[in-house]
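Structure assessment
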Amino acid sequence: STFLRGDNSWAAAGGDNTPNFQVYVGTHQSLTDATWTKIAFDTEILDADSVFDSSTNYRFTAPSAGTYMLWTNCVIGSNGSAYTYNTQLQFYKNGSPMGDSYQNKEVPGNGSSTATEYLSSTLTSIFSLSTSDYIEVWTYIDTSNDAPRVWAAYSMFAGLKLL
């Protein structure tokens, strides 16, 4: 219940890493070629502190200043068509992209009109946030010939405040 700190004083152990949340995309979300699109995480698994807006803005808002760890995993692809595409996944803070938080990959079409083609991309970042700062997840797609989507149930966004 207590521990000896580096300054040779005793302190209580504990903490609960709140606020915390975990949300996912409940229905497939269509994407437009060559356009940045905010991902609509519309289904909550965990949000006891009401820090995630899953109905209109699809974003996490920091209720207090501190250090937060956020992660997202998004599955982007198509069912029933073969194509080639490049995609990026990026965190936005207060409406602006965080330049170092993205992945870029290419998936070649396999020539089958019945193939399921998709990418799974993951981002994890630690943010120093002020009260009311907000974080969103956006994706960009450059596709050769199909209408891709964010896959429901496989695309998630989660976070917690670090102690």
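Residues numbered from 1 in each chain as written. Predicted model: local features only at pLDDT ≥ 70, side-chain atom pairs only at ≥ 80, totals over all residues. Heavy atoms only, no water.

**Description of unusual backbone geometry**
We count it as follows: A helix here means a DSSP run of H or I that spans at least four residues, while a strand means a run of E at least two residues long, and both kinds are numbered starting from the N terminus. For every residue, the accessible area obtained with a 1.4 Å probe (protein chains only) is divided by the maximum for its type, and the residue is called buried under 20%, exposed over 50%, and partly exposed between those limits.
Between Thr 18 and the following residue, Pro 19, the backbone shows a cis peptide bond with an omega angle of 5°. Secondary-structure assignment places Pro 19 in the loop between strand E2 (10–12) and strand E3 (20–24). For Ser 50, which is not a glycine, the phi torsion comes out positive at approximately 55°. Considering the arrangement of structural elements, one finds Ser 50 in the loop between strand E6 (43–46) and strand E7 (52–53). Phi at Ala 153 is positive, roughly 70°, even though this residue is not glycine. Take Ala 153: it is sitting in the loop between strand E15 (149–150) and strand E16 (156–161). We classify Ala 153 as partly exposed; its relative accessible area is 43%.

**Examining the pattern of salt bridges**
The condition is simple: Salt bridges, as used here, are contacts in which a Lys or Arg side-chain nitrogen is within 4 Å of a carboxyl oxygen on Asp or Glu.
Scanning the entire structure with this criterion turns up 4 salt bridges. We note a salt bridge from Asp 133 to Lys 93, for which the minimum N-O separation is 4.0 Å. Placement of Asp 133 in the loop between strand E13 (116–129) and strand E14 (134–143) and of Lys 93 in strand E10 (residues 85–93) is noted, with a sequence separation of 40 residues between them. One salt-bridge network, held together by shared partners, links Lys 38, Arg 59 and Glu 136.

**As for the pairing of E3**
Using the following cut-off: In short, DSSP must find at least two bridges between two strands for them to pair.
Pairing between E3 and E16: 5 bridges, direction antiparallel. Its bridge partner lying in E16, Asn 20 is registered against Leu 160. With 3 bridges joining them, E3 and E6 adopt antiparallel strand pairing. Within the sheet, the bridge partner assigned to Gln 22 lies in E6 and is Leu 46.

**Thoughts on the nonpolar core**
For the record, the criterion: In these notes, a set of buried Ala, Val, Leu, Ile, Met, Phe, Trp, Tyr and Cys residues joined through side-chain atoms within 4.5 Å is what counts as a nonpolar core. Any pair of residues with heavy atoms lying within 4.5 Å of one another is described as a contacting pair.
Residues Phe 41, Phe 60 and Phe 157 are the most contacted members of the largest nonpolar core, which totals 24 residues. Where this core is concerned, the elements lending two or more residues are E3, strand E9 (66–79), E10, E13 and E14. Sequence-distant contacts of Phe 157, that is, excluding residues within four places in its chain, are made with Phe 21, Gln 22, Val 23, Phe 41, Phe 52, Phe 60, Leu 70, Trp 71, Thr 72, Phe 91, Ile 135 and Val 137.

**Things to note about the environment of Phe 157**
Looking at the element boundaries, Phe 157 is found in strand E16. Measuring from C-alpha to C-alpha, the distance between Phe 157 and Arg 59 comes to 9.4 Å, with 98 residues separating the pair along the chain.

**Some thoughts on the packing of aromatic side chains**
Here is the rule we go by: Pairs were defined over the aromatic rings of Phe, Tyr and Trp, the Trp ring being its six-membered one, requiring ring centres within 6.5 Å. Orientation was assigned from the angle between planes: stacked under 30 degrees, edge-to-face over 60, tilted for the rest.
With the rule as written, the count across this model stands at 12 aromatic pairs. Pairing Phe 21 with Phe 52 gives two aromatic rings, centres 5.3 Å apart and planes at 25°, and the pair type is stacked. Of this pair, Phe 21 sits in strand E3 while Phe 52 sits in strand E7, placing them 31 residues apart in sequence. With a relative accessible area of 5%, Phe 52 lands in the buried category. Judged by centre distance (5.1 Å) and plane angle (85°), the ring pair of Phe 21 and Phe 157 falls under edge-to-face. Taken as a pair, Phe 21 in strand E3 and Phe 157 in strand E16 lie far apart in primary sequence, 136 residues in all. Assessed through its relative accessible area of 2%, Phe 21 is described here as buried. Take Phe 157: its relative accessible area is 0%, and that puts it in the buried class.

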